[in-house]
Amino acid sequence: MKYYFHLQYKMINRSFIEYGMPIILGYFILIFAFILGSKTLFEKVDYANYLYILTYCILILKLSEVTRNRFLKYCFKSSDYKLIRISENILIALPFIAFLIYLKNFLFIPAYII
C-alpha cells in the first residue's frame with residue numbers, strides 16, 4: 001500500500017515537471033487554487049454547500065471507475081485494496097472538511113464522512 005501512494009506521489013510530481021514548473025510551486029498553486037475556488041464559491045453562490053458536495057462526489061466517482069478498481073483489485077490483496085480505497089477517499093475529503101471547519105459550517109461535514 002505504501003508503494004502505491006509513493007507511486008501516485010511520483011506521478012503527480014512528474015505531471016508538474018511536464019508542465020515546466022517546480023514541484024513545490026505546483027503544490028502551492030494546487031492548494032491556493034482550491035482555497036481561492038472554495039472561498040469564491042461560498043461568497044458568490046447561494047447553494048454553495050450543495051455544489052461543494054457535488055464537487056466532492058465527482059472526485060470520488062472519478063476514483064471509483066470500474067477499470068481502475070479492477071486494476072487495483074488485480075494488483076493488491078483484498079485487505080490492501082480496501083485500505084487504499086478508504087485512504088484515497090479520506091485524502092480527498094480532508095481539504096473539503098478543513099475548509100468547512102474554517103467557515104464554521106459544521107452542518108454539512110457528515111456528508112463528507114459517509
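Check the entry above for the structure.
From a predicted model like this one, the values you see are computed outputs, not experimental measurements.

Caption draft 1: Representation of the overall build of the chain. In terms of regular secondary structure, the chain is built from six helices and zero strands. Secondary structure of the chain in N-to-C order comes out as α-α-α-α-α-α. Each principal axis of the C-alpha distribution contributes one length, and for the chain these read about 45 × 35 × 20 Å. The buried share of the chain, taken over its 114 residues, is 27%. Contacts in the chain between residues at least 24 apart in sequence constitute 56% of all its contacts with a sequence separation of at least 6. As presented, the chain carries roughly 8,600 Å² of accessible surface, and 71% of it is formed by carbon and sulfur atoms.

Caption draft 2: Region of the structure containing the packing of aromatic side chains. Evaluated as defined, the whole model comprises 18 aromatic pairs. Residues tyrosine 52 and phenylalanine 99 carry aromatic rings whose centres are separated by 6.1 Å and whose planes lie at 50° to one another, so their mutual orientation is tilted. Of this pair, tyrosine 52 sits in helix α3 (residues 48-63) while phenylalanine 99 sits in helix α5 (residues 78-102), and the two are 47 residues apart along the sequence. Taking the relative accessible area as the measure of exposure, tyrosine 52 reaches 3% and is therefore buried. Classification of phenylalanine 99 as buried rests on a relative accessible area of 7%.

Caption draft 3: Fine view of the layout of surface pockets. What the largest pocket holds in volume is close to 1,200 Å³. By residue class, the composition of the lining of the largest pocket is 17 nonpolar, two polar and three charged. Taken as a whole, the second largest pocket holds about 150 Å³ of empty space. Lining the second largest pocket are Tyr56, Ile86, Asn89, Ile90, Ala93, Leu94, Ile97, Tyr112, Ile113 and Ile114. Of all the secondary structure elements, the ones that give two or more residues to the lining of the second largest pocket are α5 and α6 (110-113).

Caption draft 4: Highlighting the pattern of salt bridges. Going through the model one piece at a time under the given rule, you end up with three salt bridges. In this structure, the salt-bridge partner of lysine 62 is glutamate 65, at a minimum N-O distance of 3.5 Å. Connected through salt bridges with shared partners, the residues Arg68, Arg85 and Glu88 form a single ionic network.

Definitions and cut-offs
- Residues numbered from 1 in each chain as written.
- Predicted model: local features only at pLDDT ≥ 70, side-chain atom pairs only at ≥ 80, totals over all residues.
- Heavy atoms only, no water.
- Helix = DSSP H or I, 4+ residues; strand = E, 2+ residues; numbered from the N terminus.
- Buried < 20%, exposed > 50% of the residue type's maximum accessible area, 1.4 Å probe, protein only.
- Contact = heavy atoms within 4.5 Å.
- Areas by Shrake-Rupley, 256 points an atom, 1.4 Å probe, with all protein chains shown as cover.
- Phe/Tyr/Trp six-rings, centres within 6.5 Å; stacked < 30°, edge-to-face > 60°.
- 1 Å grid on protein atoms, 1.4 Å probe; cavity = no way out; pocket = protein on both sides within 12 Å on 5 of 7 lines; lining within 4 Å.
- Points joined across faces, edges and corners; volume = space filled by probe spheres on them.
- Nonpolar A, V, L, I, M, F, W, Y, C, P; charged D, E, K, R; others polar.
- Salt bridge = Lys/Arg side-chain N within 4 Å of Asp/Glu carboxyl O.

Function-wise, these values are silent; they only describe arrangement.
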